[in-house]
Amino acid sequence: MITQITTDIKQAADALRANQVIGIPTETVYGLASNALSPEAVSTIFSVKQRPTSNPLILHFACLPMAKPYMLSFHDELKVLYDHFSPGPITFLVPKTSKVPAEITSGSSLVAVRFPSHPLFLALLNLLDFPVAAPSANKYGSVSPTRAEEVLAQLNGEIPLILDGGTCHYGLESTIVGMDGDRVIVYRLGSIDLDELSSTLGYIPEVKNQAEQSPLAPGMVKYHYATRTPLHYLTNDLKFEENTGYIFIQSIPEGFASAPCMTLSSTGDLKEVARNLYHTLITMDGCGFNAIYIEKPLAEGLGLTILDRLQRATAKFN
Ligand code: TXA
Ligand code: MG
């Protein structure tokens, strides 16, 4: 199969109507999309991604009214977050109706729904009369792509089409929220940080994002988002080693001037760090180093999401 890259949403819509699986841009990361109501197309997502079918998929809609037939209820607290953050990088875990195929939720009575803001994806959704299922467009366990060429590098020859929407604005996956009684719970830290959620809700929501805490979000596995090259955190006493890549948040420290280094942001702005993180990891991973060392961000705001991803990415090599 030849994988074509296009900016034509009509071609993408035709492919989805024909139950094909294609790469699509979102404001968070690229997705591997199909018609959520086609069992054949959904099973292709799992096989292309090499993902266990016990790990459910997010449904994407243009707006809340389009999602209504698929949700039994939508709690008022979630509505507050919807009004504030959607369309955008937030996903809601809600009770599903029988219209949601069991294979989408891996048998769970809850379904994850999201309303993306990427203009091309939104325009595509508006051409369709079915929800679009889409996990991130990486192979299971790998780093999520934030550019069309990175989708091509991982899935060339396995999907017919990639809709090119440029570089993803946020660069980290959506924040997943659900309810525990009348309180919002965060099941995955994401592009909307805890401070933003808290100031909208008026309280700090509990985070339940560890595999052992959250049978609800089986995707929160311990090892994920990993490079092939061993990835470690930088420590203060670290000295420059041969054939090793270094990723710094903002500036390259003395002693590393001649080392292969990349920085994530020229100003240290965490939004820019987030936007560049996966791309930088993928780029460094392609260099054939023995190891990659990365500087830890501060554990606040978006730094918590970045740390969550790095924790899972480095866990495999510890
Ligand atoms: O930003 C995003 O959310 C991207 C873009 C493409 O929309 N999508 C994404 O999907 O990150 P994925 O499949 O890579 O991660 C979704 C996570 C997984 O950890 C999955 O287990 C969890 O959401 N999830 C999906 N449906 C669920 C459900 N019904 N119950 C519990 N967890 C669910
Ligand atoms: Mg993913």
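Just so we're clear, the structure is a prediction, and the values are computed from it rather than from any experiment.

Notes on the overall build of the protein chain
Looking only at helices and strands, the protein chain has 10 helices and 15 strands in total. Relative to a compact globule of 318 residues, whose C-alpha radius of gyration would be 20 Å, the protein chain shows 19 Å and is just as compact. The dimensions of the protein chain, computed from C-alpha atoms along their principal axes, are 60 × 50 × 30 Å. The buried share of the protein chain, taken over its 318 residues, is 55%. The long-range fraction of contacts in the protein chain, counting pairs at least 24 apart against all pairs at least 6 apart in sequence, stands at 65%. Surface exposure of the protein chain reaches about 13,300 Å², of which carbon and sulfur atoms provide 52%. Taking the average place of the 23 positive charges on the side chains of the protein chain and the average place of its 31 negative ones, the gap between the two points comes to 5 Å.

Re the domain arrangement of the protein chain
With domains assigned, the protein chain is organised as domain 1 (4-207) and domain 2 (231-315). Each of domain 1 and domain 2 was reduced to a C-alpha centroid, and the two centroids are 27 Å apart. At the interface, 20 residues of domain 1 touch 13 residues of domain 2. Both faces combined, the contact of domain 1 with domain 2 buries some 1,500 Å², and carbon together with sulfur accounts for 59% of it. Contact with domain 2 buries surface across domain 1, with Val143, Leu172 and Leu189 losing the most and accounting together for 35% of the total. Viewed at the interface, domain 2 and domain 1 are joined by one salt bridge. Along the contact surface separating domain 1 from domain 2 lie nine residue pairs in polar contact (both at pLDDT 80 or more). The residue inventory of the side of domain 1 that touches domain 2, partitioned by class, reads eight nonpolar, six polar and six charged.

Considerations on the side chain of Asn209
Counting through the fold element by element, Asn209 comes out in the loop between β11 (206-207) and β12 (231-233). We classify Asn209 as buried; its relative accessible area is 6%. Polar contacts involving the side chain of Asn209 include one to the side chain of Gln210, which spans 3.0 Å.

A few points about the pattern of salt bridges
Counting across every chain of the model gives eight salt bridges. Notably, a salt bridge pairs Asp83 with Lys79, separated by 3.2 Å at the nearest N-O pair. Taken together, the residues Asp83 and Lys79, both in helix α4 (residues 76-85) and four residues apart, mark about one turn of the helix. Note on Lys79: relative accessible area 32%, which makes it partly exposed. One network of salt bridges, in which partners are shared, links Glu173, Asp308, Arg309 and Arg312.

Some remarks on the nonpolar core
Of all hydrophobic cores here, the largest spans 45 residues; its most connected members are Leu59, Leu81, Phe92, Val113, Val177 and Leu197. Listing elements by their share of this core, those giving two or more residues are α2 (39-49), α3 (64-67), α4, β5 (90-95), β6 (110-114), α7 (148-155), β10 (183-188) and α8 (194-201). Phe92 has contacts with Phe74, Leu78, Leu81, Tyr82, Ser86, Val111, Ala112, Val113, Phe115 and Val177, leaving out every residue within four places of it along the chain. Within the second largest apolar cluster, 24 residues are counted, among which are Val273, Phe289, Leu307 and Ala313.

Calculation notes
For every chain, the first residue of the written sequence is number 1, and numbering continues from 1 onward in sequence order. Just so you know, chain letters begin at A and ligand numbers begin at 1, following the order they were written in. At least 70 in pLDDT is required for a residue's local features to be given in this predicted model, at least 80 for side-chain atom pairs to be given and counted, and no such filter applies to totals for whole chains, interfaces and linings, which use all residues. The basis for every side-chain value is the complete set of heavy atoms in the structure, and neither hydrogens nor water enter the calculation. Each helix is a run of DSSP H or I of at least 4 residues and each strand a run of E of at least 2, with the numbering of both proceeding from the N terminus. Our radius of gyration looks at C-alpha atoms and nothing else; its globule reference is 2.2 Å times the residue count to the power 0.38. Each residue's exposure class comes from its accessible area (1.4 Å probe, protein chains only) as a fraction of the maximum for that residue type: buried when under 20%, exposed when over 50%, partly exposed otherwise. Throughout, a contact is declared for two residues whenever any of their heavy atoms are within 4.5 Å. Only the protein chains shown count as covering a residue, and every accessible area follows the Shrake-Rupley method with a 1.4 Å probe. Charged residues are defined here as Lys and Arg on the positive side and Asp and Glu on the negative side; His and the ends of the chain fall outside this count. We put the charge of a Lys on NZ, of an Arg on CZ, of an Asp on CG and of a Glu on CD. Residue ranges for the domains trace back to a domain assignment, done automatically or taken from a database. Accessible-area loss on putting two parts together, using a 1.4 Å probe and summing over both, is the definition of buried area adopted here. Each reported salt bridge corresponds to a side-chain nitrogen of Lys or Arg within 4 Å of a carboxyl oxygen of Asp or Glu. Counted as a polar contact is a pair of N or O atoms within 3.5 Å, where, for protein atoms, one must be capable of donating a hydrogen and the other of accepting one, and residues adjacent in sequence contribute only when both atoms are in side chains. Each residue receives one of three labels: charged for Asp, Glu, Lys and Arg, nonpolar for Ala, Val, Leu, Ile, Met, Phe, Trp, Tyr, Cys and Pro, and polar for the others, Gly being one of them. Buried residues of nine kinds, namely Ala, Val, Leu, Ile, Met, Phe, Trp, Tyr and Cys, make up a nonpolar core once their side-chain atoms join them within 4.5 Å.

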